[in-house]
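Below are the chains, spelled out letter by letter.
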Amino acid sequence: LLMFLLIILFIIFLSILWNIQDILGYVDRDLTLTGRTDLWITGLYFILKRPLIGYGYNGFWIGWDGPSASFYQLVGHEVIHAHNGFINIVLDIGLIGIFFFFSSYFFAILRGFKLLNKGKNMIILWPIIFFIAFLLLNIPESSVLRQNNILWTFYVTNVFSITKLFYQNYRNEF
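A.B. asks: Could you give an account of the packing of helix α3 (residues 36-49) against helix α4 (residues 68-75), naming the residues involved and the relevant values?
C.D. replies: Following both chains from N to C, one finds α3 and α4 inclined at 140°, their axes separated by 10 Å at the closest point. Taken together, α3 and α4 sit at an angle that is classed as oblique. As α3 runs across α4, the sense of the crossing is right-handed. Facing Leu39, Thr42, Gly43, Tyr45 and Phe46 of α3, the residues of α4 in contact are Ser70, Phe71, Leu74 and Val75. Of the residues contributing to the contact of α3 with α4, the split by class is six nonpolar, three polar and no charged.

A.B. asks: An account of the environment of phenylalanine 130 is needed here, citing residue identities and associated values.
C.D. replies: Here phenylalanine 130 lies in helix α6 (residues 125-137). Taking the C-alpha atoms as reference, phenylalanine 130 lies 21 Å from glutamine 168; in sequence the two are 38 residues apart.

A.B. asks: With reference to specific residues and values, describe the packing of aromatic side chains.
C.D. replies: Across all of its chains, the model carries 28 aromatic pairs by this definition. Summarising the aromatic geometry, the rings of phenylalanine 131 and tyrosine 155 are spaced 5.6 Å apart at their centres and angled 75° between planes, so their arrangement reads as edge-to-face. On the criterion of sequence distance, the pair formed by phenylalanine 131 in helix α6 and tyrosine 155 in helix α7 (residues 150-169) is long-range, its members being 24 residues apart. In terms of burial, phenylalanine 131 and tyrosine 155 fall into one category: buried. By the ring-pair criterion, three or more aromatic residues cluster together here, those being Phe86, Phe101, Phe102, Tyr105, Trp126, Phe130, Phe131, Phe134, Trp152, Phe154 and Tyr155. In this arrangement the basic side chain of lysine 114 is found over the ring face of tyrosine 170, its NZ or CZ atom lying 4.9 Å from the centre. A cation sits over an aromatic face here: lysine 118 above tyrosine 170, 4.4 Å from the ring centre.

A.B. asks: Describe α3, naming the residues involved and giving the relevant values.
C.D. replies: With 14 residues, α3 should reach 20 Å at 1.5 Å per residue; the first-to-last C-alpha distance of 20 Å fits that figure. The complete set of buried residues in α3 reads Arg36, Leu39, Trp40, Thr42, Gly43, Phe46 and Ile47. Buried residues of α3, viewed axially, fall in a sector of 170°; they line one side. More than 90 degrees from the buried face of α3, the exposed residues found are Ile41 and Leu48. Those residues of α3 that are buried lie in contact with α4 and α5 (85-117).

Reading the values: the criteria
- Residues numbered from 1 in each chain as written.
- Predicted model: local features only at pLDDT ≥ 70, side-chain atom pairs only at ≥ 80, totals over all residues.
- Heavy atoms only, no water.
- Axes fitted to C-alpha atoms, helices over the stretch in contact; angles between N-to-C directions.
- Helix = DSSP H or I, 4+ residues; strand = E, 2+ residues; numbered from the N terminus.
- Parallel < 35°, antiparallel > 145°, perpendicular 65-115°, else oblique.
- Left-handed = near helix turned anticlockwise from the far one by under 90°.
- Contact = heavy atoms within 4.5 Å.
- Nonpolar A, V, L, I, M, F, W, Y, C, P; charged D, E, K, R; others polar.
- Phe/Tyr/Trp six-rings, centres within 6.5 Å; stacked < 30°, edge-to-face > 60°.
- Buried < 20%, exposed > 50% of the residue type's maximum accessible area, 1.4 Å probe, protein only.
- Lys NZ or Arg CZ within 6 Å of the ring centre and 35° of its normal.
- Expected span 1.5 Å × (residues − 1).
- Arc of directions from axis to C-beta.

Nothing here speaks to function; it is all geometry.
Structure, rendered in structure tokens:
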């Protein structure tokens, strides 16, 4: 029965994959994720100009007075961010910044799973699920390093909470 269900799911997956352009057309979408891929490519172009340290925190998206003016001209319209949190990090604080972000992310996830394996309360699943969702949500949108953004606030709070809980439980091992 399980094998039968897996075969049916695989056939459905292949049908969707082969007809993805038609399916997206029915919901008024396209393969460029409503133009996001064009923004990402343009964002990568600007990253190549200042890859190491970027344009400074909130130094890129400052309207027609900054580097975003050239971005607007290339894409043909104004946008408030690149619709990708990771591209925005590199635009703001460069490859150094993305390194520190992913370091905090990696260590928080690792600590969360270690606490989960130790048999800690199942509440530890919340930050782990949040971290995974946060990573996925920042592919088509941007909430990393954004002022007054509740998802960024939750991310920072969860990183500190996991770290504190981890060191409380593993204090004797260091």
